[in-house]
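Overview (structure and organization)
Spelled out, the chains give:
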Amino acid sequence: MKSIKSILSIAMLTGVLLTASSCVKDLLEQDPTTELGASAFWKTEDDALFALNGAYSSVRPLFDRDYYLDGHGEYVRTRGTSATNENLRLGDAYHNGDYNPTGYGDNFDKMYRYLYGGVNRTNYVIANVTKMIPTVRSESVPNLEAIIGEARLLRGMVYFRLISMWGDVPYFTKVVNDNSEVANLTRMPIAQVKDSIMADFTYALDKLPAKSPGAGRAGKPAALAFRGKLQLYWASWNRFGWPELDTFKPDAGAATAAYAAAAADFNSVINDYGLALFRNGEPGEIDSLGKAEKLPNYYYLFTPIANNDPEIIMGFTHGGTGTGQGEELMRDVAGRSHEGSQCWVTPRYEIADRYQSTLTGDFAPKLVPMNPTTAGARTAPNSAVNPQSYKNRDYRMKASIMWDYEMSVGMISLKSTGWVPFIYRTWNSPVTIDGTRYTSYNTDGSNSGYVFRKFLRNYAGQGRSDGDYNFPVMRLADVYLMYAEATNAVKGPTADAIALVNKIRHRGNLPPLTAAKTAGAAAFFDAIEQERIIELLGEGHRGFDIRRWRAIERVWGAPNSDGLWRIDTHGANQQRYYQNTPDRTYQQNYIFRIPPGERDRNPNLTQNTPWL
C-alpha cells in the first residue's frame, strides 16, 4: 500500500521523477510520521486541497524562472542559470537550457521531461478528486469541482508550454505509474492537443470562483486569460505559418476566428471582474538621476508589495526567508554587492534605445557608445556613459534597468551596506560622488553597461534566494496588449484597444500614441510590439513572441547574412549573432528538438523535421 508521500510524489514519465522546486524539500515532501494508506486518503475536501497544493508545488518551478527565456530575444543576456547543481533546486526544469538568441532548440530535453512530470502530477489530482465526487456530500461537490478546475488549468498551462516549443506532443490524461504505460505513445497533432487544452481552460472557467480563493491560486480571470492567450497563439501560427511543423497547415480563416475568440476572452477579463493595473496604472514618483529613494510604481509591481494585487492575475508564490522555498530573482539579476548574487541575467545595451521620451512620446536620439576615458565622454550629448542622456525617459526605464551612477541598496548577511552606485567596469572600487565616498557595484555578470533594477529588492532582510515575490505568469497589462493585438489583426486599430495601450504607456508617464501610430494595422502592431518589449521585459515573453510572429529574420537579418553585434555602452563588440547562419539553424530556432532520450525509449516518437 502506497503512503501519502509516495502518492503525492508520483510524477514519473520516461524515468524522471518531478520533485519539489525549492532548495530543500517542500512541506508536502517531508517524510510522514506515520504511513497512512492510500485508501484512507481522498476522503475530504482538505485531502483534495492538500493534493492540489502538491500540484502547484510541482508546476511552479516550470514557470517561475521564465526570465531566463528572455535570452532567446535580443534585449536580455542570460549567461547561464544559477542552478549549477541539480541538488540546489530539486526539479529545476531550466537547468542546462541554452538562453542565447540562436542555437537553443536542442537544449531543453530536461524542460520537456519535467513538463510531463507536471502533467502527471495534475492528472493525479484530477483523477482522484473526480473519483471522490460521487461519494461526498452534495455541498462539497462545487468545491471539489473547483479543485479539479485549478488542476486542469495547471495542466492546460503545461501542455500549452509543450506545444509552444515542440508542436505535436504526446497527450495523456491518465495517471502514469510506470514508463511502460506511455512507452508507445505517438505525438498527437497540435490541433488536437490545442482542443484538449481549450477544454481544460473552459472547464476551469466554468468551475472556478470569480476571485482567487487564496494567494497563488487561480480564479476565473486566469482561466479566461490563458484561454485567450492559447487562441492568440493559435491565430498567430495560422496567420504566419509554422513550416517547421510538417503536420500543421495554416488556415487564414482559422486565424481570423481565433483572433476574434481571443479578443472576446480578453475583453471579458478586462471588463467583467473589476481588475485594474497596479496602483491604477499611475506612474508614481521618480527620483532624480542617480538617486533611488523614490522609484516609479512600475518598480514596485515586481516586489512583494504587489503580491496578490489584481494586476497579477496568476502568480506563483514563494516562501521567503527561512522557508527553503524562496524565489531566486535577486540572485539571478543582481551582483555580488547584493547578498553575493551572481547576475546571471542582464539587460543588453540595445534595450536602452527602446525607452521613449516622456516629452515627445517617441524614440529619443540614439545613444552614442563612448569609452569614459575619452575626454568629454561623460558630458557629451547622447553619450551612453553620460547619465544626463537618460533624462526624461519612460519611467519604466529607471524602474527596470540601471546605467552609470544609478544607485541601489547593497546588502550582506540580510543587512544594508548603504547605497551602491553602478559604474560599468569599476567593480567594487572606491568612488566619490558629490563629495560622498561609495564602493561601486560589484558584479561579474554585465557586459553591456547595464544591470537590472526590475526584480532587485531595494531593501535588506532577505537573502539572494529568499524572496517572497509572487512571480507573475499572467498579468493584466499583458492581457491589455494581447487584446489590442487580437483586435488589430481582425479590425485594425479600435478606440478601446488604443485606450488600453495608452493606459500601459501612462504608467511610464508617456503621452498617448500619436495619430500616426494608430493610422493602420501595421503601425498599431508596431506600437503594440514596442509596449510588449518594454512592459514585459525580463518576464519570458519575447522569445515566444518572435517565434509565433515568425520574426527571427526581421529581428536578426536573413540567413547567411552578416548577423548583428551586441555591444556595450563603451562601444565594444560583445557577441555577434546570426553571422552566416544557414536556413536550417533558423528552422531549428523556430521549433525545438524532441529529446533523443525520449525517442530511444519510445520508438513511436517522431522527430521535428529540422532536427532529422
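Below or above, wherever it landed, is the structure these notes cover. (Residues numbered from 1 in each chain as written. Predicted model: local features only at pLDDT ≥ 70, side-chain atom pairs only at ≥ 80, totals over all residues. Heavy atoms only, no water.)

Here's the deal with unusual backbone geometry
Only a minority of non-glycine residues have a phi that is not negative, and only a minority of peptide bonds are not trans. Here is the rule: Here a strand is any run of E in DSSP of at least two residues, a helix any run of H or I of at least four, and the numbering for each starts at the N terminus. The cut-offs for exposure are 20% and 50% of the maximum accessible area for each residue type, with area from a 1.4 Å probe on protein chains only; residues under the lower value are buried, those over the upper are exposed, and the others partly exposed.
A positive phi angle is found at Asn 96, which is not glycine, with a value near 75°. Residue Asn 382 is not a glycine yet carries a positive backbone phi of 65°. As for its position among the elements, Asn 382 is in the loop between strand E3 (345–347) and helix H10 (395–400). For Asn 382, a relative accessible area of 31% puts it in the partly exposed group.

Thoughts on the packing of helix H2 (residues 45–59) against helix H4 (residues 141–166)
Convention followed: Every angle, taken between N-to-C directions, lies between 0 and 180 degrees, and every axis is a line fitted to C-alpha atoms, over only the stretch in contact when it is a helix. Comment on the angle field: the value is read as roughly parallel under 35 degrees, roughly antiparallel over 145, roughly perpendicular from 65 to 115, and oblique elsewhere. Here is the rule for handedness: rotate from the far helix to the near one, and if that takes an anticlockwise turn smaller than a right angle the crossing is left-handed, while a clockwise turn gives right-handed. By definition, residues are in contact when any of their heavy atoms lie within 4.5 Å. All amino acids are sorted into three groups, where Ala, Val, Leu, Ile, Met, Phe, Trp, Tyr, Cys and Pro are nonpolar, Asp, Glu, Lys and Arg are charged, and the leftover types, Gly among them, are polar.
At a closest axis distance of 10 Å, the pairing of H2 and H4 adopts a crossing angle of 15°. Classified by the angle between their axes, H2 and H4 sit roughly parallel to one another. Read as a crossing pair, H2 and H4 show a hand that is left-handed. Residues Glu 45, Ala 48, Leu 49, Leu 52, Ala 55, Tyr 56 and Val 59 of H2 pack against Asn 143, Leu 144, Ile 147, Glu 150, Ala 151, Leu 154 and Val 158 of H4. Among the residues forming the contact of H2 with H4, the class breakdown is 11 nonpolar, 1 polar and 2 charged.

Re helix H7 (residues 252–271)
Heads up, the rule is: One less than the number of residues in a helix, times 1.5 Å, gives the span that helix is expected to have. Definition of a polar contact: a pair of N or O atoms within 3.5 Å, with one able to donate and the other able to accept a hydrogen when the atoms are protein atoms, and with sequence-neighbouring residues admitted only if both atoms are side-chain atoms.
Here H7 contains 20 residues, and its C-alpha end-to-end distance of 29 Å stays within 8% of the 28 Å for a straight helix at 1.5 Å per residue. Buried residues in H7 make contact with helix H6 (220–240), strand E2 (312–316), helix H11 (476–491) and helix H12 (495–507). One side-chain oxygen of the residue at the start of H7 lies 2.8 Å from the amide nitrogen of Gly 253, identifying that residue as Asp 251.

A few points about the layout of surface pockets
Empty space among the atoms becomes visible once a probe the size of a water molecule is rolled across them. What counts here: Only protein atoms enter the 1 Å grid used here, on which a cavity is any set of points holding a 1.4 Å probe that cannot leave and a pocket is any open set flanked by protein within 12 Å on both sides along at least five of seven lines; residues with an atom within 4 Å of a point are listed as lining. Grid points are joined across faces, edges and corners, and a volume is the space filled by probe spheres set on the points.
Estimates place the volume of the largest pocket at around 450 Å³. Lining the largest pocket are 21 residues; nearest its centre among them are Lys 211, Ser 212, Asn 308, Pro 310 and Ile 312. Those elements that provide at least two residues to the lining of the largest pocket are H6 and E2. For the lining of the largest pocket, the element with the highest residue contribution is E2, accounting for 4 residues. Partitioning the lining of the largest pocket into residue classes produces 10 nonpolar, 8 polar and 3 charged.

Overview of the packing of aromatic side chains
Counted only if it meets this: Aromatic rings from Phe, Tyr and Trp, with only the six-membered ring used for Trp, were paired whenever their centres fell within 6.5 Å, and each pair was classed as stacked if the ring planes differed by under 30 degrees, edge-to-face if by over 60, and tilted otherwise. A ring is scored as having a charge over it whenever the NZ atom of a lysine or the CZ atom of an arginine sits within 6 Å of its centre and within 35 degrees of its normal.
By the definition in use, this model includes 39 aromatic pairs. Between the aromatic rings of Phe 160 and Tyr 233, the centroid separation amounts to 5.2 Å while the plane-to-plane angle is 80°, which identifies the pairing as edge-to-face. On the criterion of sequence distance, the pair formed by Phe 160 in helix H4 and Tyr 233 in helix H6 is long-range, its members being 73 residues apart. Tyr 233 shares its class with Phe 160; the two are buried. A cation sits over an aromatic face here: Arg 547 above Phe 544, 4.8 Å from the ring centre. Taking the ring centre of Tyr 590 as reference, the NZ or CZ of Arg 550 above it sits at 3.9 Å.

Let's talk about the environment of Asp 265
Note that Asp 265 resides in helix H7. Under the relative-accessibility criterion, Asp 265 is labelled buried at 6%. If we skip the residues at most four places from it in the chain, Asp 265 touches Leu 224, Arg 227, Gly 228 and Gln 231.

Quick look at empty space enclosed by the protein
In the structure shown here, the tally under the stated rule is 5 cavities of 30 Å³ or more. Quantified by volume, the largest cavity comes out at close to 220 Å³. Forming the walls of the largest cavity are 16 residues, and the residues nearest its centre are Phe 63, Asp 66, Arg 161, Phe 226 and Lys 229. Mapped by element, the contributors of at least two residues to the lining of the largest cavity are H4, H6 and strand E10 (471–475). Sort the elements by how many residues they give to the lining of the largest cavity and H4 lands first, with 4 residues. Taken together, the residues of the lining of the largest cavity break down into 9 nonpolar, 3 polar and 4 charged.

Notes on the pattern of salt bridges
It is possible for side chains bearing opposite charge to pair when their charged atoms get close. The condition that has to hold: Here, a salt bridge means any side-chain nitrogen of Lys or Arg that lies within 4 Å of a carboxyl oxygen of Asp or Glu.
Throughout the structure, instances matching the rule amount to 41 salt bridges. In this structure, Arg 155 engages Asp 200 in a salt bridge whose closest nitrogen and oxygen atoms are separated by 2.7 Å. Of this pair, Arg 155 sits in helix H4 while Asp 200 sits in helix H5 (residues 190–207), and the two are 45 residues apart along the sequence. Accessibility expressed as a relative area gives 5% for Arg 155, which makes it buried. Judged by relative accessible area, which is 1%, Asp 200 ranks as buried. A salt bridge links Asp 568 to Arg 425; the nearest nitrogen and oxygen atoms lie 3.8 Å apart. Of this pair, Asp 568 sits in the loop between strand E11 (564–567) and strand E12 (573–577) while Arg 425 sits in the loop between strand E6 (415–422) and strand E7 (430–433), and the two are 143 residues apart along the sequence. We classify Asp 568 as buried; its relative accessible area is 0%.

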